[in-house]
Structures are given as C-alpha cells and as structure tokens.
Amino acid sequence: MTRPKTKKFKLQNRLSEVQEIEHLESWIASAKPDSGSNPLALTPLPEKSPIGKLPDGSFSRYAGVDRFRQLPLSKKTKDGLSAAGFLKMTDIQRASLPHSLCGRDILGAAKTGSGKTLAFIIPVLEKLYRARWGPEDGVGCIIMSPTRELASQLFEVLQSVGKYHGFSAGLLIGGRKDVDTEKERVNELNILVCTPGRLLQHMDETPNFECSELQVLVLDEADRILDVGFKKALNAIISQLPKYRQTFLFSATQTKSVKDLARLSLKDPEYISVHAESTTATPSLLEQTAMVIPLDQKLDILWSFIRAHLNSRILVFLSSCKQVKFVYEAFRKLRPGISLKCLHGRMKQDRRMGIYAQFCEEESVLFSTDVASRGLDFNKNVDWVVQVDCPEDVASYIHRVGRTARYLSGGKSILLLTPSETKMIDKLQEKKIPIRYIKANMKKVLPVSGLLAALLVKYPNLQQLAQRAFITYMRSIYKQRDKEVFDVTQLPIDEYSASLGLPMTPKVRFLKSKIKGQKMSKELVIVPDSTIDDNPIEIPQQSLSNGRRVEEESESEDDLLKENDTPRVGDDNATDTGYAMTGTRVLKKKKLKINMHRPVGTRVVFDDEGNTLPPLARLADTISDSSKLDKSKVNQRYAQLREEMKVVDKDDKVLDQKRRKEKRIKQKMKLKRGRDSEDDDRDSEDDISESENGRVGKKSKLYFDSDSDGGEGRKGKGSSSRIGNVTDSVTLAEQEELALKILSSMNS
Ligand code: ADP
Ligand code: MG
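Residues numbered from 1 in each chain as written. Chains lettered and ligands numbered in written order. Predicted model: local features only at pLDDT ≥ 70, side-chain atom pairs only at ≥ 80, totals over all residues. Heavy atoms only, no water.

**Structural notes on the overall build of the protein chain**
In step 1: Each helix and strand counted, the protein chain has 30 helices and 19 strands in total.
In step 2: Of the roughly 37600 Å² of accessible surface on the protein chain, a fraction of 51% belongs to carbon and sulfur atoms. (Helix = DSSP H or I, 4+ residues; strand = E, 2+ residues; numbered from the N terminus. Areas by Shrake-Rupley, 256 points an atom, 1.4 Å probe, with all protein chains shown as cover.)

**Overview of the sheet that holds strand β3 (residues 169–172)**
In step 1: Strand order in this open sheet of 7 strands is β3-β4-β2-β5-β6-β1-β7, and the pairing throughout is parallel. Strands with a single pairing partner mark the edges of an open sheet, and in this sheet they are β3 and β7 (270–273). Each strand of the sheet is rotated relative to its neighbour by a mean of 10°, with strand direction disregarded.
In step 2: In terms of strand pairing, strand β2 (residues 141–144) meets strand β5 (residues 216–220) through 4 bridges, oriented parallel. Bridged to Ile-142 within β5 is Leu-217. (Pairing = 2+ DSSP bridges. Axes fitted to C-alpha atoms, helices over the stretch in contact; angles between N-to-C directions.)

**Observations concerning the site of ligand 1**
In step 1: Residues in close proximity to ligand 1 total 17 residues, the closest being Lys-88, Gly-113, Thr-117, Asp-377 and Arg-406.
In step 2: Residue Lys-116 places a side-chain N or O atom 2.8 Å away from an oxygen atom belonging to ligand 1.
In step 3: A distance of 2.5 Å is found between an oxygen atom of ligand 1 and a side-chain nitrogen or oxygen belonging to Asp-377.
In step 4: Considering ligand 1 on its own, with 560 Å² of exposed area, one finds that the protein chains cover 85% of that surface.
In step 5: At 3 residues, helix α4 (residues 116–130) tops the list of elements feeding residues into the shell around ligand 1.
In step 6: Residues belonging to the shell around ligand 1 are distributed by class as follows: 5 nonpolar, 7 polar and 5 charged. (Near = heavy atom within 4 Å. Polar contact = N/O pair within 3.5 Å; in protein donor to acceptor, adjacent residues only side chain to side chain. Nonpolar A, V, L, I, M, F, W, Y, C, P; charged D, E, K, R; others polar.)

**Details of the nonpolar core**
In step 1: Ranked by internal contacts, the top residues of the largest apolar core, which has 137 residues, are Leu-302, Phe-326, Phe-331 and Phe-367.
In step 2: Element by element, the count of residues in this core is highest for helix α17 (residues 460–479), at 10 residues.
In step 3: Once you skip the residues sitting within four places of it in the chain, Phe-331 turns out to touch Leu-299, Leu-302, Trp-303, Ile-306, Pro-336, Leu-340, Phe-367 and Val-448. (Core = buried A, V, L, I, M, F, W, Y, C linked by side-chain atoms within 4.5 Å. Buried < 20%, exposed > 50% of the residue type's maximum accessible area, 1.4 Å probe, protein only. Contact = heavy atoms within 4.5 Å.)

**Overview of the environment of Glu-221**
In step 1: Along the polypeptide, Glu-221 turns up in the loop between β5 and α8 (222–225).
In step 2: Leaving out residues up to four positions away in the same chain, Glu-221 has contacts with Pro-146, Leu-150, Phe-250, Ser-251, Arg-374, Gly-375 and His-399.

**Some remarks on the pairing of β3**
In step 1: For β3 and strand β4 (residues 191–194), the ladder comprises 4 bridges, and the chain directions are parallel. Among the inter-strand pairings, Gly-170 is bridged to a residue of β4, identified as Leu-192.
In step 2: After leaving β3, the chain enters helix α6 (residues 179–185) and then returns to the sheet as β4, a path that is right-handed. (Right-handed = clockwise from strand over helix to strand, strands pointing away.)

**Thoughts on the environment of Val-508**
In step 1: Its place among the elements puts Val-508 in the loop between α18 (493–499) and α19 (509–517).
In step 2: Assessed through its relative accessible area of 9%, Val-508 is described here as buried.
In step 3: Separated by 38 residues in the primary sequence, Val-508 and Phe-470 place their C-alpha atoms 9.1 Å from one another.
In step 4: With residues near it in sequence (within four places) discarded, Val-508 still touches Phe-470 and Met-474.

**Quick look at helix α2 (residues 75–83)**
In step 1: If you check which residues of α2 are buried, you get Thr-77, Gly-80 and Leu-81. Along the long axis of α2, the arc covered by the buried residues comes to 100°, so they all point the same way.
In step 2: For α2, the secondary structure elements touched by its buried residues are α4 and α5 (148–161). (Arc of directions from axis to C-beta.)

**Remarks on the packing of α5 against helix α13 (residues 349–361)**
Each pair of packed helices can be described by the angle between their axes along with the distance between the axes.
In step 1: Where α5 contacts α13, the axes come no closer than 10 Å and their chain directions differ by 60°. Regarding α5 and α13, the two cross each other, and that crossing is right-handed. For the pair formed by α5 and α13, the contact residues are Arg-148, Glu-149, Ser-152 and Gln-153 on the first element and Gln-349, Arg-352, Met-353 and Tyr-356 on the second.
In step 2: Split into classes, the residues belonging to the contact of α5 with α13 amount to 2 nonpolar, 3 polar and 3 charged. (Left-handed = near helix turned anticlockwise from the far one by under 90°.)

**Details of the pattern of salt bridges**
Pairing between side chains of opposite charge can happen when their charged atoms approach one another.
In step 1: Inspection of the entire model under this criterion finds 24 salt bridges.
In step 2: Between Glu-287 and Arg-436 there is a salt bridge, with its nearest N and O atoms 3.5 Å apart. Remark: Arg-436 occurs in strand β14 (residues 435–440) and Glu-287 occurs in strand β8 (residues 286–292); sequence separation between them is 149 residues.
In step 3: Overall, Arg-436 belongs to the buried group, its relative accessible area being 13%.
In step 4: Lys-298 serves as the salt-bridge partner of Asp-389, at 3.2 Å between the closest nitrogen and oxygen. Of the two residues, Asp-389 sits in the loop between β12 (384–387) and α14 (394–401) while Lys-298 sits in helix α11 (residues 298–308), which places them 91 residues apart along the sequence. Across the pair, Lys-298 and Asp-389 agree in class, each one buried.
In step 5: By sharing partners, the salt bridges in this structure join Glu-17, Lys-76 and Arg-132 into a single network. (Salt bridge = Lys/Arg side-chain N within 4 Å of Asp/Glu carboxyl O.)

**Focus: the state of the cysteines**
In step 1: In total, this model carries 0 disulfides according to the counting rule given.
In step 2: Cys-211 takes part in no disulfide bond, and the closest cysteine sulfur, belonging to Cys-194, lies 8.8 Å away.
In step 3: As a non-bridged cysteine, Cys-342 has Cys-321 as the owner of its nearest cysteine sulfur, 9.4 Å distant. (Disulfide = S-S within 2.5 Å.)

**Observations concerning the confidence of the model for the protein chain**
In step 1: Scored by pLDDT, the protein chain comes out at a mean of 77, with 69% of its residues at no less than 70.
In step 2: Within the model, the stretch residues 675–731 combines pLDDT values under 50 with 68 contacts to residues more than four positions away or in other chains. (pLDDT = per-residue confidence, 0-100.)

**Thoughts on the packing of aromatic side chains**
In step 1: One pass over the full model with this rule turns up 8 aromatic pairs.
In step 2: Ring geometry for Phe-331 versus Phe-367: centroids 6.1 Å apart, planes at 80°, classification edge-to-face. Separated by 36 residues along the polypeptide, Phe-331 in helix α12 (residues 321–333) and Phe-367 in strand β11 (residues 365–368) bring together distant segments of the chain.
In step 3: A ring pair is formed by Phe-359 and Phe-378, whose centres lie 5.2 Å apart and whose planes are at 90°; its orientation type is edge-to-face. (Phe/Tyr/Trp six-rings, centres within 6.5 Å; stacked < 30°, edge-to-face > 60°.)

**A look at unusual backbone geometry**
In step 1: Non-glycine residue Glu-221 carries a positive phi angle of around 55°.
In step 2: Located in the positive-phi region is Ser-265, a residue other than glycine, with phi close to 45°.
In step 3: Residue position: Ser-265 is located in the loop between α10 (258–263) and β7.

**Let's talk about the side chain of His-99**
In step 1: Mapped onto the fold, His-99 is located in helix α3 (residues 91–101).
In step 2: Of the polar contacts made by the side chain of His-99, one reaches the backbone oxygen of Ser-37; its length is 2.8 Å.
In step 3: Those residues in contact with His-99 that lie beyond four places of it in its chain are Pro-33, Asp-34, Ser-35, Gly-36, Ser-37, Pro-39, Arg-104, Ile-106, Glu-270 and Ile-272.

**Focus on the side chain of Thr-505**
In step 1: Its location among the elements puts Thr-505 in the loop between α18 and α19.
In step 2: Here the side chain of Thr-505 touches Asp-494 through a polar contact of 2.5 Å, side chain to side chain.
In step 3: Each residue touching Thr-505, except ones within four places of it in the same chain, is listed here: Phe-470, Ile-493, Asp-494 and Ser-497.

**Overview of α13**
In step 1: With 13 residues, α13 extends 19 Å from end C-alpha to end C-alpha; this agrees with the ideal 18 Å at 1.5 Å per step.
In step 2: Three or more residues of α13 are buried, namely Gln-349, Arg-352, Ile-355, Tyr-356, Phe-359 and Cys-360. Seen end-on, α13 carries its buried residues on one side only, within an arc spanning 140°.
In step 3: The inward-facing, buried residues of α13 contact α5, β9 (314–317), β10 (340–343) and β11. (Expected span 1.5 Å × (residues − 1).)

**A few points about the environment of Asp-300**
In step 1: By secondary structure assignment, the location of Asp-300 is in helix α11.
In step 2: A relative accessible area of 2% places Asp-300 in the buried class.
In step 3: Separated by 200 residues in the primary sequence, Asp-300 and Leu-500 place their C-alpha atoms 9.8 Å from one another.

Here it is, written out as structure tokens:
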C-alpha cells in the first residue's frame, strides 16, 4: 500500500525538481550579468520586490540583490541557508554569486572573515543540483584547503548549508587512520573536501578512483595552495582532472600570477576583489598594534600579556613546532592561571582536532604555528591574536590577524618585532594595514626567564626543547626570504638563549657552515651582539626616535600595553624616521637580571685560553677544528709521542719484571706455608687489581679509549691531556703488543 504512494511521491518530487531546475536555468540565463560587471555597483532591489518569473514573462535580475532569497537558488539551498541563519549576503557573496551561478570561473579576493566560504559552497551545491548529480555520477566537485582544520571546517559549512540536498560528501584529510574505509567509499562521493596530500594519495592508491566527470574545482586559500609547498601535489592532481570544468579560487590575498591561472586552465575568470578600493586590507573592526622589543624580552612580554588577560581567548603565533612545544610546555608548568593549548603540524590529527574544538569553546591561550593562520573561523570570536615571531610576509600577517575580527565582530592584534625587523611595519603600512606602534609598559612586565631557567634545571626534557626551539628559531630567521626584514646577524643570540632559560648558548653550526659556503665575509659569522655589551654609545641612538627619547613608562588604560604617539598610516611621520624602540637600556638591565637567575651549580668547562665552554664542547671543537690542523705538525707531534711511548714502555717492562719476580717469591712463600689454592687465586686477583691501578692498568684503559673514539677527531686536540696523547700515538700493532703484554702479565 505504501509503496505506490512513495513511488508517486518520488515521481512528483522528481517532476517538481525538474520543473524547478528548468525555472532556475531560464532565470539564470535570461538575467545574467555581463561578464566583467560589478554587481555591487547596482542598487539592491527592495526586499519585497517580486522575484523569479515576473508577470510579463521576463525574469527579475539577480545581480545586485542583497538577500539570498532573491537569488536563483534551489529551495533546498535556500532552506539550508535560512536554517543556518544566513539571510543577507556579505559583499563578496553579492559580488561573486551572480557570476558563479551562471557558470563562470571566479578569482575572488576579500578580507578575512568576510564570508568567502558561502561564496563558493552555494554555487557548488547549485551546479550539482541543476546537473541532477547522483551517487552513480561519482565525484562532481573537489574543494581543496591547505590545512586539515580548515578542510573540516569547510566540510561542516557544506553539511550545514547543504543538509537538504542528497549529495554524498566526504572529508579527506591526512593523519586519519581510516584511509582504507575512505578508499572503499571515495568512489561513491559527490563532493570531496580535502587537503592536496590526501587527495593525491587517493588518486595514486585507490583502485578505480577517478574524477573525469568533475564539474567544479574550488581552491580555498588559493594563493597558499598555489605556493611552492603544494606545487608538486597540485600539479599532479590537476593533471588528472578534466579541463572542462568550473573553477573557483578564493583568498584574502589572491594570486595574480598569470602562470598560476594558466596552470589551472581558468577560462576568462571574473576577477572579484571587493575590498580593492577599501582604505584598509584588514577588517575594519580589527585594532592592530606592533611593539618593537629586543628578542630576549619576547617571552617576558608574552608571559606578562597572558597574565594580564586571563579572561580572553588568545591565539599566539610562533614560527616553528619546536617553538610552540617549548613555550607551551614551559608556560604550562608555570601555571599562568588560564588554560593553555598548543597546535602544530607534528601532532596526531585526532589531538589537533580536539584542541581546535576546545579552543572554539573555552577561553584559553592557543600557541600555534601557521597551521592555524589560514581560513579558520573559530565559533566564538578570538579576542587577541599575538604574533610573537614576525610573519614571513605581509600576506601571512593578514591571514594570522584575520583569525579575529571576523564577520561583524571586533578583535585586537599585537605583533612583536625585534629592532632589526622594524622594516616590517613599513611593509605592512604600504599594503594598507593600519597598524599602530605601541610600547610595553616595562613596569608591568613580569620577567619570566629566571623562572624558565629554574624549570630547565628541574626538567632536562624541557632543556632539550628549549635548545631545539632556539636552533629552529635561528634557522627560521636565516631561511627567511625577505632579507630586508630578517637579518640573523643582528640577533642577540646569547641574550636570547638566556631568555629561554638555557644555561649556555647552543652552537648554531648550520649558520657558520652556510655562511662559509656562500663565501661571505668572516664578520657575518654569528657572534653575540657585542655592541650591546661593549659599546654604550650605541644605546642612546637606539632609544631615540624622531629626535626624542622614549618617555618613561606610566600607567595607562591597558596596564601592559601603552600606546605610543607614533601616528597611524597616512600620517607622514609614520614612515620617515623609523620607530621608537623600547630602549636598549632596558635590555641591559634585563640582561643583568637574566644572569642573576641563571641556574647555579652548572659545571663550567674552560678551554686552554681560559674561555668558558659548553659541556662537551672540547669534544665538539676537536671535531670541527681538525680540518684546520697543519699535517706536518701533527706528524711531528706523533713522532714525539711515539718516542715518549717507548720510554714509558721501557719503564713498564722493568716494573713488570719486578712485579713478576715479587709475585713468584710470594707464591713460593705461599706454597711453603701450604696454603690452599683458593687463597692463591684470591692473591692473584689482588695482583691484577693492583696492577690495574698501576701502569699496566692505565694502558689497558687507554686501549679502549682509542678504540671507541675512532682516532681522527681526538688527534687534533693533541696537547691537553696525557691520556689523549698516549692513546692517539699508539699504532694498531703497538696496541696489540700492549694488549698481549697485559694479558700475559695477568696470566702469569
Ligand atoms: P572568510 O572565508 O572570508 O574568511 P568565512 O566564510 O569563514 O570568511 O565567514 C566568516 C564568518 O562570517 C563565519 O562565521 C560565517 O558563518 C559568517 N558569515 C558568512 N556569510 C554570512 C552571511 N551572509 N550572514 C551572516 N554571517 C555570515
Ligand atoms: Mg575562508
């Protein structure tokens, strides 16, 4: 009974779907906006104006409208949108949807948080719906994201807005264990939301996986996906996709490279840049500030900032996983009074997702690498974005700060720059970013390096993390492409190392070797910033700006952050004379403090000239220095050592003979006394141990030393220890001879 009813219902449904699609197609075709026209330039139609087919048989225009319901969209999409609370369009949606709905390729740029996601999800749903796409048709759309978190967020939006549609959609991201299940199901999916790596994995490994019928390709954060990091994967993916398709590229910082567009075979794309005329490149409700502080005070500022904002949601960007791990672990142990979290690419995917979800829910501090810099739309607004390490370029800055002040919310950001990175402020201002310079209220800064030093003594693992954080930071600065902003030679490495709580500055070997490799002058080899210590005349120059001294800190509305009178963008004074620094005077004071807090009781090793060396540096040095040794001198030294060895050998022989004689006498005495063999054994053991304390024993030890050290490295050291001398001078034959002697003396 119910069967025919269902059939009838389905038929009706299909018929009404077909009619709806016909209606939509004629509407779209007849009221198309001209290519290249800007729908935003049209006055929006009044809300109550008739939509769709008009009484005269024509169709209402849909370019320039400002509500979703006025667009030629399927009922299912409209219902999905209103159920999710989306009624009025944002500018990027108004500008792009009329073009994308009529099948055009889109190159869309709009500020962070301005609603780009719906600008591509809606036309994807509509295109497949109007094509009556079904399970048997396979993959109809691929939406690519540079990160897993963003992919899952896009997937959620798709699920929410597309919930009345019958498409099957899948989230294909790396780090998930169920790849085999994915392989079984991926051929049945209509919409894939994925990261490039995982998609390629399926293209390579999944039997019968094909996208030959693909209708739409979307690249969210397109400039990032087109970047070198994804180049190989993306080329491989694109080579397997049909050229005839619709393509959408969206980002806040759009690619303008013709090559990129050619790679994607875009056909006369609509260039839609809704905020190109805007006076700012970042959201208008975003309050942006920059602070110039010495590298070694960054953690103090960060710590003080967190302590001063315990009821906020704070996103902190650091330059590498190691930095994130260290700061997170260290600060966690110091219990700042707010929940701390960390997110980086080396974490297991489940944990990454968990952390991301938690940060969306509770007020906390999230330390992250750039993995969280693109696209993420945290459910509840992020209050602060703090960039502890300078972003690699302006685009990266825009995306990081774009995690706050999304849609209609406000937000604040702070960028910490070292004195050598101040050029970044010019670059940001050139790209229409209204960033103010402020200075820290040093009275309110809570020094943390002393606490870190104590922690590092207590937790050796943390010390390792700190060392790695130090090295990766140095490496990241060295590898930065923009040499105008990043100059590793300007960094106060000893102070920075101490500020992480490290007792000694780790060696930055890769820097030395790279610099040598590039035939740079010797002065460029990294040394501690001696000007700070040795040349006090330099200090006032740095603490002066615009001919005035930086005023003493006083209380202000925000205890920690104090606004400087450096003008905003557009004010000529902003760029012509540079920026006020928080005085190097403070750095000096600070340095003393750091030294005071350094852990006591660390073993200090000195070299021959009396300079302090980090533990094991002697060993390390001999390795690096060995190449510099004069070979003839080394040979001469060896010859001398061999002579010395002969003398020692002679003495040894005499001593040995004497001992054996004594021993024989002793044994005879024992026999005479008729003692049992057990005693005899014990005596001979005593003899051996005795002999180990004497000359022969020493040689036996040396023999092992020379073996395990492998010679080459230690030879260079030469002079400092006798053990080293003797060991290094013994040839293999001599060593064997020595060993035999020892053995024979033991047996006798
Ligand atoms: P973008 O990709 O441009 O950075 P998103 O697409 O992530 O921005 O959107 C930012 C926020 O704005 C999201 O929380 C989203 O739900 C919201 N949003 C987008 N479009 C609309 C709209 N038309 N009406 C209300 N909120 C919207
Ligand atoms: Mg986005």
